[in-house]
Amino acid sequence: MKFKERFAFCLCVVFLIVPFIWLRMRVSDDRHPLLSVDDSRSLMDDMDFNRIDHSHHHVQRSSEETDRVRTNPDHDSTDVERKLDKRLIDKGNNVGKDEEQKDKNTNNDVDYEYDDPWSIWKDMVKSRQVTSPHDSDAVNMILEAMMYKPVVAAGVGYKGTQLKATLMLEGKQRVVFKPMRYPREFIIEGTPYSGFDRHNGEIAAFHLDRILGFYRAPPVVGRHINLEEEIEPIGEKRLLDTFFKKGRNTCFYGRCYYCKKEDSACANGTIMEGSVTLWLPPGWSLMKWRHPFQRTYIDTRKAQWETDNSYCKDKVLKTSPFDSGPRLLDIMDTALFDFLIGNADRHHYETFKDEGDTGMPLHLDNAKM
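The rules we used
- Residues numbered from 1 in each chain as written.
- Predicted model: local features only at pLDDT ≥ 70, side-chain atom pairs only at ≥ 80, totals over all residues.
- Heavy atoms only, no water.
- pLDDT = per-residue confidence, 0-100.
- Contact = heavy atoms within 4.5 Å.
- UniProt positions renumbered as here; feature names shortened; annotations may be inferred.
- Helix = DSSP H or I, 4+ residues; strand = E, 2+ residues; numbered from the N terminus.
- Buried < 20%, exposed > 50% of the residue type's maximum accessible area, 1.4 Å probe, protein only.
- Pairing = 2+ DSSP bridges.
- Patch = residues over 30% accessible without salt bridge, like charges linked within 9 Å, V, L, I, M, F, W, Y side chains within 5 Å.
- Areas by Shrake-Rupley, 256 points an atom, 1.4 Å probe, with all protein chains shown as cover.
- Salt bridge = Lys/Arg side-chain N within 4 Å of Asp/Glu carboxyl O.

Draft legend 1. Highlighting the confidence of the model for the protein. Looking at the protein as a whole, the pLDDT averages 78, with 70% of positions reaching at least 70. In this model residues 23–80 is a low-confidence stretch, pLDDT under 50, and it forms 83 contacts with partners more than four residues away in sequence or in other chains. Confidence drops under a pLDDT of 50 for residues 101–113, and excluding neighbours within four residues, the segment shows 29 contacts in the predicted structure.

The structure is reproduced here in structure tokens:
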């Protein structure tokens, strides 16, 4: 065969194979409902919720396991859905009065009607509260939905330094999943901000926030997730590219500022324990502020507030928004909260953007507990 004939033959092979490979890659990508690689876009922009298959394969459990935290149980799903589809309704005439609502909750003089937990969440958030002070039944319904609602989409977490994943639960509700990194009895040594986030710290901080009467932390629950059955079939490619096997355990390291394979989180087999934090409803944009009592994070250098006793009087009180309004008192509330949970890592804080200088600091990212 002459050179020209061989060259022509090679060109024909290339033109035939390259389109085939390209089509195979496109088909492979189409299996994942989340394809966005632009961090400025919402995680679920490309999701067609009308085409999602909500069927799940459930694991049968023994009777002794029915009281444990479950991943999408099958035989009692009717009972769970019944609980999720009921909302506390006051039977009295003045349902808008907090004291009457509180009394009726105490006396169990209540009735129920069909409702959606995510609609309850949307109506619950106010300018000076994230969870309801009195409607504990509604809060509990939201927590139950976070534990049992099927995961319909999964992607990488929002920007930050800690490993996390963003999940979409049935009903188009976005949540943040932080995996378990340490055994419960493990003691982290070093600086107060050392180590990975503690998923159980997020859970405990949410309940303490309500006990103290702040109501500034979004709902958080613990949940066991089967990575193989619940995440891998519907996860976006950028997340699944960080999945790997270590022995018989499924691990992932996600995408964040410090995320790397050697610091991955591993499941027990395919079951991973973690915390699930509820994303704020649409319309509640956040504004980020630098904390006036931020540490330097340098062992050899202290911040001004650590050495200057007049720092608050001469510096903070003369700076907006601390020179008027409730912001300074709100920051003191947050300082008390952080002291009790052992959080020394609140270098910034967030408020509702539309509230301006009077907005309350939200109690977010409490996993350094």
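Draft legend 2. Geometry of the UniProt feature "binding site: Mn(2+)" (unreviewed entry) in the protein. Following the UniProt record, one finds the feature "binding site: Mn(2+)" (unreviewed entry) at Asp-197 and Asp-365. Maximum C-alpha separation among the annotated residues is 8.8 Å over a sequence range of 169 residues, consistent with a single clustered spot. Secondary-structure assignment places Asp-197 in the loop between strand S5 (173–179) and helix H6 (199–211). Residue Asp-197 is classed as buried on the basis of its relative accessible area of 11%. Apart from residues lying up to four places away in sequence, Asp-197 is in contact with Gln-162, Lys-178, Arg-181, Ala-367 and Lys-368. Relative to the helices and strands, Asp-365 is located in the segment after strand S12 (348–352). Sequence-distant contacts of Asp-365, defined by excluding residues within four places in its chain, comprise Tyr-158, Lys-178, Glu-202 and Asn-343.

Draft legend 3. Examining the pairing of S12 more closely. Across the five residues that make up S12, a large majority, four, are buried. In this structure, strand S11 (residues 286–290) lies alongside S12, joined through five bridges in antiparallel fashion. Bridging across to S12, Leu-286 finds its partner in Phe-352.

Draft legend 4. Layout of a nonpolar patch on the surface. On the surface, Ile-211, Leu-212, Leu-336, Phe-339 and Leu-340 cluster together to form a nonpolar patch covering roughly 540 Å² of accessible area. With three residues, the single largest contributor to the nonpolar patch is helix H11 (residues 327–341). With respect to the helices and strands, the residue Phe-339 is situated in helix H11.

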